[in-house]
Amino acid sequence: MRELIFRHKRYIICIVCVLCIFAGNMYKSSLVGSISMQQPEKRWSADGEDSGYAAAYMSEDEGIKLETINSFKEKYRSTMLEDSLEISDTARNYIDAYSCEGQLEVFKDFGKSGNKVNVTAVGGDFFFFHPMELLSGNYISDSDLMHDRIVIDENTAWTLYGSSDIEGKKCVIKNKYYYIAGVVSATDSKISEKTYGIRSRIFMHYDEYSGAGDNEKPIACYETVYPEIVSGKAVKVLKSLFGIDENMEHVEGAVEDVPSIEVIDMNRRFGFTSLWKVIRQYGERSSKTNRIMYPFWENECRMTEDFAAIAVAIIILFAAIAAITLLPSIVQLYKFSVKGAEKLISKIKGLRR
């Protein structure tokens with residue numbers, strides 16, 4: 001048995017390497033598949049037309065106002081005309097969402113003790129991009145007639161009412177009654193458990209949270225799903241909206257850094273090229289200098305990138321071991337094929353004579 005193993009050790013090592021490569025790919029796929037965002041571009045492209053997904057994250061200093069978001073509509077329109085896309089008055093060619101983070105106190109009623117919670121102030125199609133699991137009720141959206149409804153996580157629900165089935169009940173925020181539209185599950189994966197945070201969270205309309213005029217809270221996250229007529233079109237459109245020079249792009253799908261604004265091609269961030277860049281920069285990402293406070297879903301993606309990059313590094317390592325192990329056999333096979341070809345040519349020449 002030992003002699004048999006020793007004789008075929010190259011092939012045994014190669015088989016082990018192939019199994020490790022397969023396991024690494026499976027682990028990477030399971031990591032990416034567990035991300036809570038669930039690929040909004042795929043769901044938006046259900047009719048067969050490809051779309052791209054891109055996101056921009058900003059520091060509070062670089063954050064934008066709601067009027068800037070509104071100005072994007074005309075820019076999208078002109079870009080679509082340039083791309084010869086059919087613009088419909090009834091159907092939507094793109095979707096977008098925006099948000100910012102903060103903190104507030106929530107009270108069950110006037111005169112009751114309050115609880116400090118994290119706030120995600122949302123606009124656009126936020127819950128299409130981030131379809132958190134609903135435990136009861138519904139999401140909020142821009143189409144709501146009144147913006148005095150909020151979505152709360154189950155931690156907040158249990159703190160206020162001792163139950164997650166509390167659709168329609170009210171609470172007090174900023175000396176005003178808000179009605180609970182729905183309750184969502186805080187996390188749905190091991191990584192999201194680490195990035196969501198331990199503090200309770202509520203989701204409310206951006207215009208209800210942000211204030212007005214000079215006191216308006218800046219938008220720190222903007223996301224879009226745009227028709228992908230060519231590869232990487234969505235991220236190029238998003239960069240143009242923010243006035244970012246396209247010549248700064250050097251790796252397809254990679255994270256591009258400009259002062260306090262980070263634009264990410266979400267479609268390709270878990271591809272080999274992007275993850276190889278993460279491997280090369282491993283450790284540097286923790287030394288953050290752009291002053292951006294990433295929301296919990298982006299931190300989930302970044303942590304997933306780190307683990308996926310480790311999987312890619314393992315795949316590369318075992319692929320290299322397999323190649324080195326098989327190299328002598330490949331050389332022998334090459335020499336054998338060359339000799340065989342030479343003999344065949346000699347026979348053909350002999351027959352012609």
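Every value quoted in this text rests on a predicted model; they were computed, and no experiment measured them. (Residues numbered from 1 in each chain as written. Predicted model: local features only at pLDDT ≥ 70, side-chain atom pairs only at ≥ 80, totals over all residues. Heavy atoms only, no water.)

Caption draft 1: Molecular detail of the packing of aromatic side chains. Evaluated as defined, the whole model comprises 18 aromatic pairs. With centroids separated by 6.0 Å and ring planes inclined at 85 degrees, the aromatic side chains of Trp44 and Phe128 adopt a geometry described as edge-to-face. Here Phe128 lies in helix H5 (residues 126-129) and Trp44 lies in helix H3 (residues 40-44), a separation of 84 residues in the sequence. The exposure class of Trp44 is partly exposed, given its relative accessible area of 25%. By relative accessible area, which is 26% here, Phe128 ends up partly exposed. Taken together, a centroid distance of 5.5 Å and an interplanar angle of 50 degrees make the contact between Tyr53 and Phe129 tilted. Note that Tyr53 is positioned in strand E1 (residues 51-58) and Phe129 in helix H5, a separation of 76 residues in sequence. For the pair shown, Tyr53 and Phe129 are each scored as buried. Taken together, the ring pairs connect Phe126, Phe127, Tyr139, Tyr196, Phe203, Phe296 and Trp297 into an aromatic cluster. (Phe/Tyr/Trp six-rings, centres within 6.5 Å; stacked < 30°, edge-to-face > 60°. Helix = DSSP H or I, 4+ residues; strand = E, 2+ residues; numbered from the N terminus. Buried < 20%, exposed > 50% of the residue type's maximum accessible area, 1.4 Å probe, protein only.)

Caption draft 2: Just the packing of helix H4 (residues 66-82) against helix H9 (residues 233-241), in detail. Two elements in contact, H4 and H9, have axes whose closest approach is 11 Å; the angle formed by their N-to-C orientations is 135 degrees. Looking at the two axes, H4 sits oblique to H9. Handedness of the H4/H9 crossing: right-handed. Contact residues: H4 offers Phe72, Lys75, Tyr76 and Thr79, while H9 offers Lys233, Val237 and Leu241. Residue composition of the contact of H4 with H9, by class: four nonpolar, one polar and two charged. (Axes fitted to C-alpha atoms, helices over the stretch in contact; angles between N-to-C directions. Parallel < 35°, antiparallel > 145°, perpendicular 65-115°, else oblique. Left-handed = near helix turned anticlockwise from the far one by under 90°. Contact = heavy atoms within 4.5 Å. Nonpolar A, V, L, I, M, F, W, Y, C, P; charged D, E, K, R; others polar.)

Function cannot be read off these values alone, since they describe shape.
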